[in-house]
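So the chains spell out like this:
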Amino acid sequence: MYKINILNEKNTCQLEELVKIFLRPDQYEITRELEGSDLIRINESGSSDWKQVGREIYDKLSAMTGKRPEWGILTGIRPVKLCGELLDSLGSEEKVLETFTRNYYLSKEKAELILRICLYQRRILEPARADSAGIYIGIPFCPTRCVYCSFASNQVSEEEIERYLKALHREIEYVGRRMRETGIKAESIYIGGGTPTTLDARQLSSLMEKIGVSFDLSEVREFTVEAGRPDTITEEKLRAIRNGGADRISINPQTMKQRTLDLIGRKHSVEAVNQAFSAAEKVGFSAVNADIIAGLPEENSEDFRRTLRQVLALSPENITVHCLAVKRASRLIDIDPDFHYRQAEIVAEMLQDSRAMMEGAGYAPYYLYRQKHMAGAYENTGYSKPEKECIYNIRIMDEHQTIVALGAGGISKVYFPSENRLERVPNVTNYQQYIERIDEMLERKEKGLFTEVKKWQS
């Protein structure tokens, strides 16, 4: 057990996230002790620069463990956003790369990757207009819960889904009306979950119709529905989605190995993935995204390459490569809390394979984000065919646009352009509380979002 004292630092949360990349929770404790043979003293100089303290932690723990994480001292979710800020302040690509490698300890490969993505995003997408917003609508239901899942994902009766949709329709009506009245224009709409296609075709049609009559869609550039689980996808549901105006969907196999699908609780076959893609092609969408996960239980590098080859053969417009994240709310952490710590080496190989195979097939990395407790502390990367990038994904990671989130678990983020800051306006996560407290959710948006817009306009 290592005892680590980060001296002269009251808020150690961010720095402890860096410690967790090197050491499992049972291998260390953050202490205020000043003496001891097993004590690791950090920041004895009293520096107030978190980067300097982070580099000291990195250097000492790297010497002890032999690990040199490729993301250096960065623990944040949005490294591409940081890259953009550095590019604006430093004025040159060379200085950005030098800052990342020297000050943040990033590997040359990771520094070049996020700079490449940052430049790519700026080339294909102009800054968001101050009066624009992305709309997120959450459906917090799934047919089953995967072992790695930490999202709002409930298995409920048809009656409960109907109760939820009644409350959600009310929020959609309210938000749509207030957006019209305050002049906020929807640029993108994204229906996520959970699994939105847990709803039946009638419910999906009703939801799409409610969105169509409530929101001004005249300036919407993309409309996405995360169909997700192949076992919930039917041609009838896809037609309801397409007829309702959505032009993009996700079909997320996660893996094309049947043994793994069974192990993680997906409860569908590989053939169901192929059938879902066939149905999507028949109905006609401008873009289909496929999610796959690197580092799933019992999978080796050849399993992952086989999944990639099979997904590439389906030719989706977007492919997102996730690294397995084992979070506190997932069942996997109860089964094996140290799982993601053992996956670093194999995940690194999988990511290298994916980058080579994606680019060889004509896809380019267009957005990237990280999560806590990821295998190897690596990253999730979205790849796209030319001109098929998801605007919502770029905007939500860039954080220079208001995101209005509806439904249980939705967190609206109100962007103040003149101050370059965000304010969070959360809905409750529990879907039953959301139903019971829907009036409160509307009032939160009135105070936190629409009243603020009036101030900008006055």
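Only a predicted model underlies this, so the values are computations on that prediction, with no experimental measurement involved.

> So what's going on with the overall build of the protein chain? Residues and values would help.
Looking only at helices and strands, the protein chain has 16 helices and 14 strands in total. Computed over the C-alpha atoms, the radius of gyration of the protein chain is 23 Å, within 12% of the 23 Å expected from 2.2 N^0.38 for a compact globule of 458 residues. Within the protein chain, buried positions represent 56% of all 458 residues. Put simply, of all contacts in the protein chain between residues at least 6 apart along the chain, 74% involve residues at least 24 apart. Carbon and sulfur atoms make up 47% of the accessible area of the protein chain, which amounts to about 19,700 Å² in all.

> I'd like a description of the environment of Asp 353, backed by residues and values.
You can see Asp 353 is positioned in helix H13 (residues 344-360). On the basis of relative accessibility, which here comes to 17%, the residue Asp 353 falls in the buried class. The spacing of Asp 353 and Glu 302 is 51 residues in sequence and 9.8 Å in space, taken between C-alpha atoms. Beyond its immediate stretch of four places on either side in the chain, Asp 353 contacts Ser 301, Arg 305 and Leu 308.

> Any details on the environment of Arg 221? Residues and values, ideally.
Relative to the assigned elements, Arg 221 resides in the loop between helix H7 (201-214) and strand E6 (222-228). C-alpha separation for the pair Arg 221 and Ala 186, spaced 35 residues apart in sequence, amounts to 8.5 Å. Among residues more than four places away in sequence, those in contact with Arg 221 are Leu 125, Glu 126, Glu 187, Asp 247, Ile 391 and Arg 395.

> Can you tell me about helix H8 (residues 235-243), naming the residues and giving the values?
When H8 is considered as a whole, its buried residues turn out to be Lys 237, Leu 238, Ala 240 and Ile 241. Viewed along the axis of H8, the buried residues span an arc of 155°, placing them on a single side of the element. Turned more than 90 degrees off the buried face of H8, the exposed positions are Glu 236 and Asn 243. Where H8 is buried, its residues contact H7, E6, strand E7 (248-251) and helix H10 (270-283). Just downstream of H8 lies Gly 245, where phi reads positive at about 110°.

> How would you sum up the pairing of strand E10 (residues 364-369)? Please name residues and give values.
Regular strands show a simple pattern: their side chains alternate between the two faces of the sheet. Burial runs high along E10: 6 of the 6 residues are buried. Pairing of E10 with strand E11 (residues 380-384) involves 5 bridges; the strand directions are antiparallel. What sits directly across from Ala 364, in E11, is Ser 384.

> So what's going on with the side chain of Thr 99? Residues and values would help.
Turning to its location among the elements, Thr 99 is positioned in helix H4 (residues 93-102). Only 2.8 Å separates the side chain of Thr 99 from the backbone oxygen of Lys 95, close enough to count as a polar contact.

> Explain the packing of helix H3 (residues 79-90) against H4 residue by residue, including any values.
With their axes 9 Å apart at the nearest point, H3 and H4 run at an angle of 130° to one another. Overall, the two elements H3 and H4 adopt an arrangement that is oblique. Seen along the crossing, H3 lies across H4 with a hand that is right-handed. Each of Pro 79, Leu 82, Cys 83, Leu 86, Leu 87 and Leu 90 in H3 lies in contact with H4, whose residues at this interface are Glu 93, Lys 95, Val 96, Thr 99 and Phe 100. For the contact of H3 with H4, the class distribution of residues is 8 nonpolar, 1 polar and 2 charged.

Calculation criteria
- Counting starts from 1 at the beginning of each chain's written sequence and moves along it residue by residue.
- Reporting in this predicted model follows two pLDDT cut-offs: at least 70 for local features of residues, and 80 or more for side-chain atom pairs to be given and counted; totals over whole chains, interfaces and linings ignore these cut-offs and use all residues.
- For the side-chain quantities, the full set of heavy atoms in the structure was used; hydrogens and water were omitted.
- In this description a helix means any DSSP run of H or I spanning at least four residues, a strand means any run of E spanning at least two, and both kinds are numbered starting from the N terminus.
- Computation of the radius of gyration draws on C-alpha atoms, with the globule rule given as 2.2 Å multiplied by the number of residues to the power 0.38.
- Only protein chains enter the calculation, and the probe is 1.4 Å; a residue is then buried if its accessible area is under 20% of its type maximum, exposed if over 50%, and partly exposed in between.
- Contact definition: two residues touch when any of their heavy atoms are within 4.5 Å.
- In these tables, accessible area is a Shrake-Rupley quantity obtained with a 1.4 Å probe, and a residue counts as shielded only by the protein chains included in the view.
- It is the directions from the helix axis to the C-beta atoms whose arc is reported.
- At least two DSSP bridges between two strands are needed for those strands to be called paired.
- Two N or O atoms count as a polar contact when they lie within 3.5 Å, although within protein this holds only if one can serve as hydrogen donor and the other as acceptor, and sequence-adjacent residues are included solely when both atoms are side-chain atoms.
- Lines are fitted to the C-alpha atoms to define the axes, a helix being fitted only along its stretch in contact, and any angle between axes, read from their N-to-C directions, falls within 0 to 180 degrees.
- Between 65 and 115 degrees an angle is taken as roughly perpendicular, under 35 as roughly parallel, over 145 as roughly antiparallel, and anywhere else as oblique.
- Handedness of a crossing is defined here by the sense of rotation of the near helix relative to the far one, left-handed for an anticlockwise turn of less than a right angle and right-handed for a clockwise turn.
- Under the scheme applied here, ten amino acids are nonpolar (Ala, Val, Leu, Ile, Met, Phe, Trp, Tyr, Cys and Pro), four are charged (Asp, Glu, Lys and Arg), and all others, including Gly, are polar.

Taken by themselves, the reported measurements are silent on function.
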